[in-house]
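Structural overview for review
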Amino acid sequence: MRINQILRLYGIHYWNTLQGFRAYSKVLGIETSCDDTGCAIVDSDRNILGECLQSQQQIHLDFGGIIPPVARDLHKQNINNVVTEALQQAQVSLNELDAIAVTVKPGLPLSLLVGMNTAKELSKISRKPLIPIHHMEAHALTARLVDKNLKLPFVVLLLSGGHCLLAVVNKINEFLLLGQSIDDAPGEALDKAARRLQLKNMKEFRYCCGGQAIEKAAMKDCNFSYSGLKNAVRMQILKSEKKHELKGDEIIPEVYDLCASFQYAITKHICTRLQRGFEFIDRTKLLPEINRTLVVSGGVASNMFIRKHLNLVCDNMNFKLVVPPPRLCTDNGIMIAWNGIEKFNENLDIYTYDNLDKVDIQSKAPLGKNISQQVTDMGIRCPSGFFNKLFEQNK
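Residues numbered from 1 in each chain as written. Predicted model: local features only at pLDDT ≥ 70, side-chain atom pairs only at ≥ 80, totals over all residues. Heavy atoms only, no water.

The next subject is the packing of helix H3 (residues 68–90) against helix H4 (residues 109–126). Look at H3 against H4: their axes get within 8 Å of each other, and the N-to-C directions meet at 25°. Here H3 lies roughly parallel to H4, going by the angle between them. When the axes of H3 and H4 are compared, the crossing they make is right-handed. Residue-level contacts link Pro-68, Pro-69, Ala-71, Arg-72, His-75, Lys-76, Ile-79 and Val-83 of H3 to Leu-110, Ser-111, Val-114, Thr-118 and Leu-122 of H4. Taken together, the residues of the contact of H3 with H4 break down into eight nonpolar, three polar and two charged. (Axes fitted to C-alpha atoms, helices over the stretch in contact; angles between N-to-C directions. Helix = DSSP H or I, 4+ residues; strand = E, 2+ residues; numbered from the N terminus. Parallel < 35°, antiparallel > 145°, perpendicular 65-115°, else oblique. Left-handed = near helix turned anticlockwise from the far one by under 90°. Contact = heavy atoms within 4.5 Å. Nonpolar A, V, L, I, M, F, W, Y, C, P; charged D, E, K, R; others polar.)

Let us look at H4. Helical geometry note: an α-helix holds 3.6 residues per turn, so side chains three or four residues apart project in the same direction. Taking 1.5 Å as the rise per residue, H4 with 18 residues should run 26 Å; its terminal C-alpha atoms sit 26 Å apart, in good agreement. For H4, the complete set of buried residues consists of Ser-111, Leu-112, Val-114, Gly-115, Met-116, Thr-118, Ala-119, Lys-120, Leu-122, Ser-123 and Ser-126. Packed against the buried residues of H4 are strand E3 (26–31), H3, strand E6 (99–105) and strand E7 (130–134). Backbone geometry just downstream of H4 places Arg-127 in the positive-phi region, at approximately 60°. (Expected span 1.5 Å × (residues − 1). Buried < 20%, exposed > 50% of the residue type's maximum accessible area, 1.4 Å probe, protein only.)

As a further point, take the pattern of salt bridges. Enumeration according to the criterion identifies seven salt bridges in this entry. Put simply, Asp-349 and Lys-343 hold a salt bridge, and the shortest N to O gap is 2.8 Å. Connected via shared salt-bridge partners are Asp-282, Glu-289 and Arg-292. (Salt bridge = Lys/Arg side-chain N within 4 Å of Asp/Glu carboxyl O.)

Summed over the entire model, instances satisfying the criterion amount to one aromatic pair. Measuring from ring centre to ring centre gives 3.8 Å for Phe-278 and Phe-319, while their planes differ by 5°; the resulting arrangement is stacked. Of this pair, Phe-278 sits in helix H11 (residues 255–284) while Phe-319 is found in the loop between helix H12 (304–316) and strand E12 (320–322), placing the two residues 41 residues apart along the sequence. Residue classification places Phe-278 among the buried residues on the basis of a relative accessible area of 0%. (Phe/Tyr/Trp six-rings, centres within 6.5 Å; stacked < 30°, edge-to-face > 60°.)

Across the sheet, which stays open at both edges, the six strands sit in the order E12-E11-E8-E9-E10-E13 with mixed pairing between neighbours. The sheet terminates laterally at E12 and strand E13 (369–370), the two strands that pair on one side only. Strand direction decides the pairing type here: strand E9 (residues 164–171) and strand E10 (residues 174–180), joined by six bridges, are antiparallel. The residue of E10 that forms the bridge with Ala-167 is Leu-177. (Pairing = 2+ DSSP bridges.)

Another point: the sheet that holds E3. For sheets, the rule is that strands pair by backbone hydrogen bonds, running either parallel or antiparallel. Strand order in this open sheet of five strands is E5-E4-E3-E6-E7, and the pairing throughout is mixed. Two strands lie at the open edges of the sheet, namely strand E5 (48–55) and E7, each paired on one side alone. The average undirected angle you get between the axes of adjacent strands in this sheet is 20°. Pairing analysis gives four bridges linking E3 to E6, with the strands arranged parallel. Across the sheet, residue Gly-29 finds its bridge partner in E6, namely Ala-101.

Leu-159, Phe-278, Leu-294 and Leu-310 are the most contacted members of the largest nonpolar core, which has 33 residues in total. Every element with two or more residues in this core is listed here: strand E8 (154–159), E9, E10, H11, strand E11 (293–297) and H12. Formed by 26 residues, the second largest nonpolar core is a distinct cluster that contains Cys-39, Leu-94, Val-104 and Ile-361. (Core = buried A, V, L, I, M, F, W, Y, C linked by side-chain atoms within 4.5 Å.)

So, on to helix H14 (residues 333–346). Taking 1.5 Å of rise per residue, the 14 residues of H14 would be expected to cover 20 Å, and the 20 Å separating its terminal C-alpha atoms lies within 8% of that figure. In terms of residue burial, H14 counts as a mostly covered element, since eleven of its 14 residues are buried. The residue sitting at the N-terminus of H14 and contributing the capping side-chain oxygen is Asn-332; that oxygen lies 3.0 Å from the backbone nitrogen of Ile-334. Phi turns positive one or two residues past the end of H14, at Asn-347, with a value near 60°. (Polar contact = N/O pair within 3.5 Å; in protein donor to acceptor, adjacent residues only side chain to side chain.)

Attention shifts here to the pairing of E9. The element E9 is extensively covered by neighbouring structure, given that six of its eight residues are classed as buried. Adjacent in sequence and paired antiparallel, E9 and E10 are bridged by two residues.

Below you can see the structure in the form of structure tokens.
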């Protein structure tokens, strides 16, 4: 046996003679903030020991959107099986865990309660500490699970169905918020557009979520509808429906053109805001030169058109782009367990099994310290034609 294997038997993990020792730990993470029931066990060596994820996507697609009571009932139906499956895959018992982490904010209250109550019950049964997790912080730090060389601080762009945030991650629990969505998030906008375009009535998009359907439709060989960039998608659809005298579930002929235009408009909006954020960071020296890294996470990060253009912005402004694998960009138990590991190692937000009354859910929760007004006050303008040049590079 090697020395690190022997020491692990006693709950100690060996770094090396220069760095010393640290505790080897395993954390179970539970995610139920929206419509996915996830559980995973991750260790401090960045190993995913076990994972189970039960998606509700198709059910909510059939309903035309997420209905909170339905999501809650599905979480209740799935949570025990998901936890059991993850533990079985990891081949560990509750007693062999070091802590239990769970998403408590932000999210749908009815969904969050299912995960929190389950985690509290497991904590009491096993007498293991509970670690409450901020959903967006977990997304932001997931990249550190798969990239051990990713050092703090770095910039993170979170793109999902419920959030659009640009922030500097200084520490595990210290974020500087540069900007956020003031109305719809990009994923929500894509979903609403796909729903209004009735893409689920088209065979090739029947089993895709809204964002996936828009991306696939936009990849068709078609021309851009530039009027779609100037007007709301809804008005474009209404105009086309009237023009072609469509009724009921009939699809407008320009569906692919409009999807491409809409995706282009969202990408341009994100990229210009990102450029402004980078410029602010450079002027205020928020990042050391050796830490010029952008992490992009959240479900929309899986959109390859958007990701390609984000990479062009990074190349243009001398930033490195890091994107977790697609399965870690969407909601999952792995990111919660990993955030639990990071907090456990730093002794942050740890509640003993007999002190759980202080832990509660929050449907809305800000991410870090909001300094977005400082960005606004600086009056940074995107260079003329900045995005058009990026787009030309990508042709």
